[in-house]
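# Architecture and fold: a report
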Amino acid sequence: MTGETAHGLRGDYSRMRPDYTVEQDWAAYPPEAHALWRRLYERQASLVPRYACEEFIRSVAAMDLSDAIPRFDAVNPRLAKATGWEIVAVPGLLPDLAFFEHLAHRRFPVTVWLREPEEFDYIVEPDIFHDFFGHVPLLFDPVFADYLQAYGRGGVKAHALGAIEMLARLYWYTVEFGLIETPSGVRAYGAGILSSGGEISYSVESPDPNRIGFDLLRIMRTRYKIDTYQETYFVVRDFRQLFEATAPDFTPYYEQLAGRETHAPSAVLAADRVLHRGLAPVRAA
Ligand code: HBI
Ligand code: FE
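Along every chain, residues carry numbers that run from 1 in the direction the sequence is written. The lettering of chains begins at A and the numbering of ligands begins at 1, in the order of writing. Only residues with pLDDT of at least 70 are given local features in this predicted model, and only at 80 or more are side-chain atom pairs given and counted; all residues enter the totals for whole chains, interfaces and linings. To get the side-chain values, take all heavy atoms of the structure and skip hydrogens and water.

### Concerning the packing of aromatic side chains
The pairing test for Phe, Tyr and Trp rings, Trp by its six-membered ring, is centres within 6.5 Å, and the orientation test on the planes gives stacked under 30 degrees, edge-to-face over 60, and tilted for anything in between. Within the structure shown, the criterion is met by 23 aromatic pairs. Taking the centre distance of 6.4 Å and the plane angle of 75° together, the rings of W37 and F132 count as edge-to-face. On the criterion of sequence distance, the pair formed by W37 in helix α1 (residues 31-51) and F132 in helix α5 (residues 128-135) is long-range, its members being 95 residues apart. Each member of the pair W37 and F132 is classed as buried. Put simply, the rings of W37, Y41, F56, F72, F129, F132 and F133 touch in pairs and so form one group of aromatic residues. Two thresholds decide whether a charge sits over a ring: the Lys NZ or Arg CZ must be within 6 Å of the ring centre and within 35 degrees of the ring normal. Lying across the ring of F120, R39 places its NZ or CZ 4.4 Å from the centre. For the purposes of this entry, the term helix denotes a DSSP run of H or I that reaches at least four residues, the term strand denotes a run of E that reaches at least two, and both are numbered from the N terminus. Note on classification: 1.4 Å probe, protein chains only; a residue is buried when its accessible area is under 20% of the maximum for its type, exposed when over 50%, partly exposed between these limits.

Below, the structure is given as structure tokens:
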């Protein structure tokens, strides 16, 4: 994703506005798309109570997403009331800066198209199931919602400083693949995990991957893989820890990290707070 433009991506970018938004055109989804959504929803909903954090579980239950592809205009008034966030419809992946500008203004871009039935278990680009089911529920949590806006503001700044790569790693290991400590053990809050049929249980209970305490600078130096389950997950104590980590200006961090070597996705370091050391941290999805 990093540094790419919208060129060559799946989705119809021909009718978008300058800020990359489009109309959702809910009436145009065929019945088969709603049927596929129901199957995707059913599988994930059966896993969420065991593996997701409490905030996510509560939100999903309140949203009632079981019947059909959700309408953005139906959820937006409730979201606005809860946290002041809004969902905007987009054709697919956005250039980094356009994406960050939306987050910085409390707008979450959600892709309008749904995957094909053959992609039930795995999809490379984010579709409406990943974006909506995975990301939207936590926008109802006030602290997480503030974190995501702070991330967007940081992204706009990082873009100007040429430091997107470090910030993209933070997004990856928190918003997409983050774990959180809870009274019932480690649970998932990352959208990439929560929208995946296989990685949701793998991330939380498999002995294979590392689970390491959240450390901002450590994460910004850690590479990631986009085509396998993660070899390492970073675990936050709560969403406040995330929000507070993003409060300072990152500019000195980027200077400090510039030119230093990066860590492999599977690395465990002497300074890590290791919650679980992976037994087999390399494995195909
Ligand atoms: N666009 N629609 C969409 N969704 C994303 O999650 C996304 C994006 N563009 C860029 C991007 N993510 C990442 O490169 C940044 O978060 C780093
Ligand atoms: Fe995502």
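After presenting the structure, the write-up continues.
### A look at the sheet that holds strand β4 (residues 185-188)
A pair of strands counts as paired when DSSP detects no fewer than two bridges linking them. The sheet built from five strands is open, its strands ordered β4-β3-β6-β5-β7 with mixed pairing. Two strands close off the open sheet at either side, each with one partner strand: β4 and β7 (274-276). Averaged over all pairs of adjacent strands, the angle between strand axes in this sheet comes to 35°, irrespective of strand direction. For helices, the axis comes from a line fit to the C-alpha atoms of the stretch in contact; other axes are also lines fit to C-alpha atoms, and the angle between any two N-to-C directions lies between 0 and 180 degrees.

### As for unusual backbone geometry
The phi angle at Y20 is positive, at roughly 75°, despite the residue not being glycine. What makes Y20 buried here is its relative accessible area of 18%. Backbone geometry places D25, a non-glycine residue, at a positive phi of 50°. Locating D25 in the fold gives a position in the segment before α1.

### Some remarks on the packing of helix α6 (residues 142-161) against helix α7 (residues 164-176)
Two elements in contact, α6 and α7, have axes separated by 9 Å at closest approach and are oriented at 160°. Considered as vectors, α6 and α7 are oriented roughly antiparallel to each other. Note on packing geometry: the crossing formed by α6 with α7 is left-handed. Between α6, through F144, Y147, L148, Y151, G154, G155, A158 and H159, and α7, the contact on the second element is made entirely by I164, L167, A168, L170, Y171, T174 and V175. When residues are grouped by polarity, Ala, Val, Leu, Ile, Met, Phe, Trp, Tyr, Cys and Pro land in nonpolar, Asp, Glu, Lys and Arg in charged, and all others, Gly among them, in polar. Taken together, the residues that form the contact of α6 with α7 break down as 11 nonpolar, four polar and no charged. Put simply, angles under 35 degrees are roughly parallel, angles over 145 are roughly antiparallel, angles from 65 to 115 are roughly perpendicular, and the rest are oblique. Should the near helix be turned counterclockwise from the far one by less than a right angle, the crossing is left-handed, whereas a clockwise turn marks it as right-handed. Here, residues are in contact when the closest pair of their heavy atoms is within 4.5 Å.

### Looking at the coordination of the iron ion (ligand 2)
Only nitrogen, oxygen and sulfur atoms qualify as donors, and only when within 2.8 Å of the metal (3.2 Å in the case of Na, K and Ca); with water excluded, sites may look incomplete. Within the protein, the atoms that donate to the iron ion (ligand 2) are H130 (NE2), H135 (NE2), E176 (OE) and E176 (OE), at distances of 1.9 to 2.8 Å. For four-coordinate sites, all angles between 85 and 135 degrees define a tetrahedron; for four- and six-coordinate sites, opposite donors beyond 155 degrees with the remaining angles between 65 and 115 define square planar and octahedral shapes respectively, and all other cases count as irregular. One can describe the site at the iron ion (ligand 2) as irregular: its four donor atoms subtend angles covering 51 to 133° at the metal. Read from N- to C-terminus, the donor residues coordinating the iron ion (ligand 2) fall into the pattern H-x4-H-x40-E. Pair noted here: H135 is in helix α5 and E176 is in helix α7, with a separation of 41 residues, a long-range link.

### With respect to the pattern of salt bridges
Between Lys or Arg on one side and Asp or Glu on the other, a salt bridge is scored when a side-chain nitrogen of the former is within 4 Å of a carboxyl oxygen of the latter. Across all of its chains, the model carries 13 salt bridges by this definition. Across the pair R17 and E23 runs a salt bridge whose closest N-O atoms are separated by 2.4 Å. R17 sits in the partly exposed class, given a relative accessible area of 36%. Ionic pairing is found between D127 and R115, a salt bridge with its closest N-O pair at 2.8 Å. Of the two residues, D127 sits in the loop between β2 (107-111) and α5 while R115 sits in the loop between β2 and α5, which places them 12 residues apart along the sequence. Grouping residues by exposure puts D127 and R115 together as buried.

### Some details on helix α4 (residues 96-104)
Where burial is concerned, most of α4 is hidden: seven out of the nine residues are buried. Burial in α4 covers these residues: D96, A98, F99, F100, H102, L103 and A104. As for α4, its buried residues are in contact with β1 (86-90), β2, α6 and α7.

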